[in-house]
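Spelled out from the first residue to the last, the chains are:
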Amino acid sequence: MSVFSKITKGEEILVKLKTRSDIGFWQYQIFGILSLFMEKGNDYLVITDKRIVMCIKEVVKANFMYKDFSKIKINTKTDFLSFLNENNEIQKLSLSNLKIEYEDYQFLKNKLN
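Predicted model only: the values in this text are computed from it and were never measured. (Residues numbered from 1 in each chain as written. Predicted model: local features only at pLDDT ≥ 70, side-chain atom pairs only at ≥ 80, totals over all residues. Heavy atoms only, no water.)

1. Some words on the environment of Val-15
Right, so step 1: Relative to the helices and strands, Val-15 resides in strand β1 (residues 13–20).
Right, so step 2: In the structure, Val-15 is positioned 31 residues away from Val-46 in sequence and 5.7 Å away in space, judged by C-alpha atoms.
Right, so step 3: If near-sequence neighbours (up to four positions away) are discounted, Val-15 is found in contact with Leu-45, Val-46, Ile-47, Phe-69, Phe-107, Leu-108, Lys-111 and Leu-112. (Helix = DSSP H or I, 4+ residues; strand = E, 2+ residues; numbered from the N terminus. Contact = heavy atoms within 4.5 Å.)

Encoded structure:
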């Protein structure tokens, strides 16, 4: 979680979602049955009072500044998070790489919509 602490220093975290990373096909082929017992990494979606940060397999994939928290919406059918950027333009962020489960969708819908 140190990646987020550098980016979001001094910002208030409003929403934090943590999911399990998937094991890729090649990783599974190389490690075989041992991959079932390996420690899997985590993926994160963090929304602070100023920005939206998404980290997949310890790499920051999205770091967007937004204008108004109340205008952030999630579309569960398309896995898109839409928000107004600093230029008052609607921007969309795909959440399909996060492997969100039903409970996570409910959590996000409760916090955002």
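2. Some remarks on the packing of aromatic side chains
For any pair of aromatic rings, the description consists of the separation of the ring centres together with the inter-plane angle of the planes.
Right, so step 1: According to the stated counting rule, one finds 1 aromatic pair in the structure shown.
Right, so step 2: Between Phe-64 and Phe-83 the ring centres are 5.8 Å apart and the planes differ by 45°, which places this aromatic pair in the tilted class. Note that Phe-64 is positioned in strand β4 (residues 59–65) and Phe-83 in strand β6 (residues 80–84), a separation of 19 residues in sequence.
Right, so step 3: Under the relative-accessibility criterion, Phe-83 is labelled buried at 2%. (Phe/Tyr/Trp six-rings, centres within 6.5 Å; stacked < 30°, edge-to-face > 60°. Buried < 20%, exposed > 50% of the residue type's maximum accessible area, 1.4 Å probe, protein only.)

3. Observations regarding the sheet that holds strand β5 (residues 73–75)
Right, so step 1: With antiparallel pairing, the 3 strands of this open sheet are ordered in space as β5-β6-β7. Whereas interior strands pair on both sides, the edge strands pair on one side only; in this sheet they are β5 and β7 (90–94). Recorded for the sheet is a direction-independent mean angle of 25° between the axes of neighbouring strands.
Right, so step 2: In this structure, β6 lies alongside β7, joined through 5 bridges in antiparallel fashion. Bridge pairing links Phe-83 to Gln-91 in β7.
Right, so step 3: The strands touched by helix α3 (residues 102–112) are β5 and β6; relative to β5, the strand with the most contacts, the crossing angle is about 145°. (Pairing = 2+ DSSP bridges. Axes fitted to C-alpha atoms, helices over the stretch in contact; angles between N-to-C directions.)

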